[in-house]
Amino acid sequence: MSSDNAAQEAGRDVPGDGEPVWDVVVVGAGPAGASAAYAAASTGRKVLLLEKAELPRYKTCGGGIIGPSRDALPPGFELPLRDRVHAVTFSLNGKLTRTRRSKRMLFGLINRPEFDAGLVEVARKAGAEVRTGVTVSRVEQHGSAVPDRRTVAIVLGDGRTLLARAVVGADGSAGRIGAHVGVKLDQVDLGLEAEIPVPATVAEDWAGRVHLDWGPIPGSYGWVFPKGDTLTVGVISARGEGAGTKRYLEDFIARLGLAGFEPSISSGHLTRCRSDDSPLSRGRVLVCGDAAGLLEPWTREGISFALRSGRLAGEWAVRIAEAQDAVDARRQALNYAFAIKAGLGVEMGVGRRMLTLFERRPGLIHAAVTGFRPAWHAFARVTRGTTTLAEIVRTHPVARRVLSAMDKP
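What you see is a predicted model; the values in this text were computed from it and never measured.

Draft legend 1. Quick look at the overall build of the chain. Summing up its helical and strand segments, the chain has 13 helices and 18 strands in all. The proportion of buried residues among the 409 residues of the chain is 54%. For the chain, contacts bridging at least 24 residues in sequence account for 71% of all contacts bridging at least 6.

Draft legend 2. Examining a nonpolar patch on the surface more closely. Together, Leu364, Val398 and Val402 line one region of the surface with nonpolar side chains, adding up to about 210 Å² of accessible area. On the secondary structure map, Val402 appears in helix H13 (residues 397-407).

Draft legend 3. Expanded view of the pattern of salt bridges. Inspection of every chain in the model, using the stated rule, returns 20 salt bridges. In this structure, Glu121 engages Arg124 in a salt bridge whose closest nitrogen and oxygen atoms are separated by 3.1 Å. With Glu121 and Arg124 both in helix H4 (residues 112-125) and 3 residues apart, the pair spans about one turn of that helix. Its relative accessible area of 32% is what places Glu121 among the partly exposed residues.

Draft legend 4. How the structure looks around helix H11 (residues 373-384). The terminal C-alpha atoms of H11, which comprises 12 residues, lie 16 Å apart, in line with the 16 Å expected from a rise of 1.5 Å per residue. Taken as a whole, H11 has its buried residues at Ala375, Trp376, Ala378, Ala380, Val382, Thr383 and Arg384. Buried-residue contacts for H11 involve helix H3 (67-71), strand S5 (87-92), strand S6 (95-101), strand S7 (107-110), helix H10 (362-371) and helix H12 (389-395). Gly385 lies just past H11 and shows a positive phi near 90°.

Draft legend 5. Just the sheet that holds strand S12 (residues 185-197), in detail. Across the sheet, 7 strands lie side by side as S6-S5-S13-S14-S15-S12-S16; this open sheet has mixed pairing. Looking along the sheet, the strands with just one partner apiece sit at the ends: S6 and strand S16 (265-274). Between one strand and the next, the sheet's axes are offset by a mean angle of 20°, whatever the strand orientation. The sheet contact formed by strand S13 (residues 209-214) and strand S14 (residues 221-227) spans 4 bridges and is antiparallel.

Draft legend 6. How the structure looks around the nonpolar core. Core analysis: the biggest nonpolar cluster contains 73 residues, and Val24, Phe115, Ile154 and Tyr336 have the highest contact counts within it. With 11 residues, helix H8 (residues 303-322) is the single largest residue contributor to this core. Val24 has contacts with Ala40, Lys46, Val47, Leu48, Ala166, Val168, Ala317 and Val318, leaving out every residue within four places of it along the chain.

Draft legend 7. Here's a closer look at unusual backbone geometry. Following Leu55, the chain continues to Pro56 via a peptide bond in cis, the omega torsion being -5°. Relative to the helices and strands, Pro56 is located in the loop between strand S2 (47-51) and strand S3 (64-65). The backbone phi angle of Asn93 is positive, close to 50°, even though this residue is not glycine. Relative to the assigned elements, Asn93 resides in the loop between S5 and S6. Given the relative accessible area of 31%, Asn93 is considered partly exposed. One non-glycine residue, Arg300, lies in positive phi territory at about 60°. Here Arg300 lies in the loop between strand S18 (285-287) and H8. With a relative accessible area of 8%, Arg300 lands in the buried category.

Draft legend 8. How the structure looks around the packing of aromatic side chains. The final tally for this structure, using the stated rule, is 11 aromatic pairs. Ring plane angle 85° and centroid distance 5.9 Å describe the contact between Phe77 and Phe115, whose orientation is recorded as edge-to-face. Highlighted residues: Phe77 in the loop between H3 and strand S4 (81-85) and Phe115 in helix H4, separated in sequence by 38 residues. Look at Trp376 and Phe379: their rings are 5.5 Å apart centre to centre, the planes differ by 15°, and that puts the pair in the stacked class. Placement of both Trp376 and Phe379 in helix H11 is noted, with a separation of 3 residues, approximately one turn of the helix. Residue classification places Trp376 among the buried positions, given a relative accessible area of 4%. Through pairs of rings, three or more aromatic residues link up here, namely Phe90, Trp214, Tyr221, Trp223, Trp298, Phe358, Trp376 and Phe379. Its guanidinium or amino end placed over the ring of Phe305, Arg308 lies 5.1 Å from that ring's centre, counting from NZ or CZ. Positioned over the ring face of Trp316 is Arg319, at 4.1 Å from the centre of the ring.

Calculation criteria
Residues numbered from 1 in each chain as written. Predicted model: local features only at pLDDT ≥ 70, side-chain atom pairs only at ≥ 80, totals over all residues. Heavy atoms only, no water. Helix = DSSP H or I, 4+ residues; strand = E, 2+ residues; numbered from the N terminus. Buried < 20%, exposed > 50% of the residue type's maximum accessible area, 1.4 Å probe, protein only. Contact = heavy atoms within 4.5 Å. Patch = residues over 30% accessible without salt bridge, like charges linked within 9 Å, V, L, I, M, F, W, Y side chains within 5 Å. Areas by Shrake-Rupley, 256 points an atom, 1.4 Å probe, with all protein chains shown as cover. Salt bridge = Lys/Arg side-chain N within 4 Å of Asp/Glu carboxyl O. Expected span 1.5 Å × (residues − 1). Pairing = 2+ DSSP bridges. Axes fitted to C-alpha atoms, helices over the stretch in contact; angles between N-to-C directions. Core = buried A, V, L, I, M, F, W, Y, C linked by side-chain atoms within 4.5 Å. Phe/Tyr/Trp six-rings, centres within 6.5 Å; stacked < 30°, edge-to-face > 60°. Lys NZ or Arg CZ within 6 Å of the ring centre and 35° of its normal.

Okay, here's the thing in structure tokens:
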């Protein structure tokens, strides 16, 4: 069905250029954007998903799918798993290495190009129209491009303008929509990663096992995620430690005995966490995922936050699209913010406290997870999604006292 016919069937006004007034336009087709588009399109609304790249596209990301990510996937979505993790090797800057194993799967590993493209296809099947290779220059909620108070104008890089009743920004932490909303960030980290093809004999040694190394820079850590014949090896630390982070990755790869293999891809990426008072909306525009600065501050895990916030953004965007005036739209946007802060916001708060502990006492974290059985079991439950860090701190007095001690200057 063409856009014109679909718009007429839905009773929408169609501007002179033939474009419908979309109910919801989602900018960015990563996990957050695809989830938002799926959630909105599943209600039968007219949804457009825009992506500046062509899909599939590479994304710097370890690709770990923990329990909360799995639970937030669209119904029936088949995870393109490259491996299933049953063991974790921990080390403290290359020393005190110990492997812990689990009979049950801890989490799965995916390649982001396949995963992201699969989510976009699910959104498309739900009814969303998908357009790739489209750059958004800005959004406007006032001015000559906006016909009424119920409409947002999305100005594209080629000068064309799209109209929508609600917009969801999922275009990354440096995207246009977050800037429009006024997202504020209080933690920026640099992640460096290499995709290293390895022979079958090496791949067999890593199958089903990941490696986590607590690094030499405060708050840093490294990882090895096996994905068949390729190992994803990366490190992350606070921005401003670029040379040290690069040296850490090189040393980490060398210690693992992988320096002799040529990476197929070497990449870097900045992750950004929102500040507590950062807005999540402006008028009829919402932000989610990286565009909102939503990720776990300690591990910098972002896929589960993207999927969960994207779904909520899609659901609330539909309500905003239906709002007849600015007061109702603002009420719905505030409800979205409340839903985010009540769930993901609480998890982020505990994650910040865990990062403080980790920065000051990485050896304590290492000793606990490798030598204290309850700590290992807690790690396993969090990765499986049967509990959260916030729930553990709330229900376990020892965990609560340790974090409280770290809160003191």
